[in-house]
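# Results of the structural survey
Okay, here's what each chain looks like letter by letter:
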Amino acid sequence: MTRVHTFVGVVAVASVLAAVAVERSWGGAELASDRGLSLAIFAGLLVAGELHSVTWLKLHDGGEITPSWAFAFAILLLPAPLIALVAMAGASVVGDLAHRKPLVRVVFNAAQTALSLAGGALVMIALGQLDALMMAGDLSPAWFAAFVLAAGVTFAVNGLLTCIVLALHDGTRVVAMLRRGMLVNFVTDGALVALAPVFVVVAQRSALFLPFVVGVAALIYVNSRTVLATEHDATHDVLTHLWNRRAFLARVEREFADRSPRRQCALILIDLDGFKEINDRLGHQVGDLVLREIGERLDAARGPGHVVARMGGDEFAVLVTQFTQLGEVTDWAERLRADLSRPCQSAGFPVSLTGSFGVAVWPDHGADPDVLFRAADLAMYGAKKVRNTITVCHETAVGTGRMALLADLEAATRNDELSLWYQPQVDLVTGEVVAFEALARWHHPRLGLVLPDEFMPLAEHTELMAAVTQRVLDVAVRDALRWHERYPDIRVAVNTSARNLHDLDFANAVERTLLAHGAPAGILELEITENTVISQPDRTRAVLQALERLGARLSIDDFGTGYSSLANLRSLPLHAVKVDRSFVEGITHDAGDRMIVKSILELARNLGLQTVAEGVETVAAMEMLRGYGCDVVQGYLIGTPMPITETLQWLERGQGTSLAVEPERV
Ligand code: C2E
Ligand code: CA
Ligand code: CA
């Protein structure tokens, strides 16, 4: 920011010096008295023009198209150069104050317009052509040349100063900015300035003609305004007025094309937690209000060099183009995260939600936009698991090789590197094992054992998930058949991902697998996380119904962590509910957790669903669950996940059956 301030100071001093130079070189010649009316009209139009300037959106939000240049040049040609400078600067100040621009911008705009115009004036004076238009007789070609040159100098200075200040502000390279910025300036503002001599000549004949010509000019102006507004609509999101996805992607492409790799850039992807729930429960109107308010907060939080966009739905993105250390970016994100978690009030009542942030840095985490977006997306996904946090890419994906891991997983599904470990679920009344939950284990050739929490979320994001689940199903059914003959009532429970249950072919895949192994459908239980159901209820329902027709048992996993209510799930063909282990862990010491577990169990029972408590680690917890009427328990107390051979041995030893007896003897 200080560099910007210094630059603005320099421009301000230069503009005063330029005004003195104009005053000296023009010699302060008197303005003919009959031009007072024209002067007053031009000055009035100049101010009016500034008040109605259109923000020049193409050039970030720095440049503007203003009709004022035409009137400033008209005053210049009267000839009243000093008055033109003062009027231009004054009108700029009035306009900027009316638009509530920050003080630095007010000063900069006034100084830079005056300085630019002074450049043009000095050219005309030096070439001896400043008063030629008002003299009797024909204009020489030299006048036209001088006028074009003067206009050119004015816009060159104006464009240069604007681009420098924007480059200092945004951290983009000046040259790149100039290439983009100058052309648009010349075309739009240049066309308006060409009218200046026309205004003057007309006013010289009679000031009363002015309304006609100015009227035509206004039409042209309004027209270009409409063009800009259309362009604004095409590049901005209607709801939040932030940049839209397409414009943002284009901006990111341009940014990387122009940028020196030494100057890092950060991409932040933000996904709102629980927004779908708000939309579903409170309606789209409330959802829209909330999104708009979040958009406003994002926009307000925007610092120098930040580009903020709504990528669609409840996903936002920020490109940070100016920072020296990543800590600045994460600090900023942290403040934004805290700000977003303030309840939204725009619906008339408080609506709370939070955001999960994924950060990736160019060029470290990806040199081209695609890779960088993927990296940020993975980081965001990591954050999403915890919710309301910020995850930087290198902590999750690229740094620890998770991107590479994803590539390895592809091979793993073919090379027999994935195996399943089984964890028993025991009926609290009979003490019998009712099922084994199959938990994926990946024996990576280099990394050793990789746990599902590390690779499933990655796979979930890709087409690979179908292959992984297919592999898991195959192994699970094959292994279950190994205990099936002796223990025909013990099922195998397989975890499914959202991707599986949104895939209308999934039930067919399950059926094919059972057929291939010659296994009865009753051997299989499928665990479904509740968020799967929420995100695409209709599709999921169709898939679940097909699975139910097959004869597979269905249970809701991790219940209590999502935002569904059991009542919502009632219409689905479910058999059991698994209370999430985060609540079960707390039941012995946390009254809140106890309440939650108790009410989930009660409600499930009333709805005719079986209940399973997972994460049971202590006898005290188990006894409490028994007291609340829980049907089945699963956890380290009963048995940890085991490879298939150990599982079979464990069964033979009859471990599970001890649970039905009195607590002291367990
Ligand atoms: P989950 O379905 O909630 O599985 C239970 C997790 O809790 C397992 O972790 C298990 O080892 C752990 N656990 C069991 N008993 C206890 C206990 O008493 N205390 C504690 N603290 N933890 C216990 P794991 O095997 O690391 O699996 C983690 C998650 O990965 C699973 O959570 C499941 O969501 C996912 N997952 C595992 N295998 C598969 C699979 O084949 N397909 C899919 N889609 N997801 C899978
Ligand atoms: Ca599970
Ligand atoms: Ca679970």
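Figured I'd write up the structure that's included with this text.

## Some words on the site of ligand 1
- Neighbouring ligand 1 are 24 residues, the closest being Gln423, Arg441, Arg581, Glu617 and Tyr636.
- In the model, an oxygen atom of ligand 1 is placed 3.3 Å from a nitrogen or oxygen of the aspartate 558 side chain.
- Contact between ligand 1 and glutamate 617: a nitrogen atom at 2.4 Å from a side-chain N or O atom of the residue.
- Those elements that place two or more of their residues in the shell around ligand 1 are strand E9 (433-444), helix H17 (452-460), helix H18 (464-484), strand E13 (553-559) and helix H24 (581-586).
- Tallied by class, the residues present in the shell around ligand 1 amount to nine nonpolar, six polar and nine charged.

## Considerations on the coordination of the calcium ion (ligand 2)
- Protein ligation of the calcium ion (ligand 2) involves Glu437 (OE), Asn495 (OD1), Glu527 (OE) and Asp557 (OD), the donor distances falling in the range 2.1 to 2.2 Å.
- Sequence spacing of the donors to the calcium ion (ligand 2): E-x57-N-x31-E-x29-D.
- For the pair the calcium ion (ligand 2) and the calcium ion (ligand 3), the metal-to-metal distance amounts to 3.8 Å, and aspartate 557 bridges them. In this pair, glutamate 437 sits in strand E9 while aspartate 557 sits in strand E13, placing the two residues 120 residues apart along the sequence. Here the two residues glutamate 437 and aspartate 557 agree in accessibility, since each one is buried.

## Some remarks on a nonpolar patch on the surface
- Taken together, the side chains of Val216, Leu219 and Ile220 define a hydrophobic patch exposed on the protein surface, amounting to about 300 Å² of accessible area.
- Residue position: isoleucine 220 is located in helix H9 (residues 210-235).

## Quick look at the nonpolar core
- With 79 residues, the main nonpolar core has Leu409, Tyr422, Trp483, Leu524, Leu547, Val616 and Leu625 as its most contacted residues.
- Per-element tally for this core: the top contributor is H18, with ten residues.
- Apart from residues no more than four positions distant in its own chain, leucine 524 is found in contact with Leu473, Val477, Val492, Val494, Val510, Ala552 and Arg553.
- One finds Val4, Val22, Ile125 and Phe155 within the second-largest nonpolar core, a separate group that totals 58 residues.

Rules and cut-offs
Residues numbered from 1 in each chain as written. Chains lettered and ligands numbered in written order. Predicted model: local features only at pLDDT ≥ 70, side-chain atom pairs only at ≥ 80, totals over all residues. Heavy atoms only, no water. Near = heavy atom within 4 Å. Polar contact = N/O pair within 3.5 Å; in protein donor to acceptor, adjacent residues only side chain to side chain. Helix = DSSP H or I, 4+ residues; strand = E, 2+ residues; numbered from the N terminus. Nonpolar A, V, L, I, M, F, W, Y, C, P; charged D, E, K, R; others polar. Donors = N, O, S within 2.8 Å, 3.2 Å for Na, K, Ca; no water. Buried < 20%, exposed > 50% of the residue type's maximum accessible area, 1.4 Å probe, protein only. Patch = residues over 30% accessible without salt bridge, like charges linked within 9 Å, V, L, I, M, F, W, Y side chains within 5 Å. Areas by Shrake-Rupley, 256 points an atom, 1.4 Å probe, with all protein chains shown as cover. Salt bridge = Lys/Arg side-chain N within 4 Å of Asp/Glu carboxyl O. Core = buried A, V, L, I, M, F, W, Y, C linked by side-chain atoms within 4.5 Å. Contact = heavy atoms within 4.5 Å.

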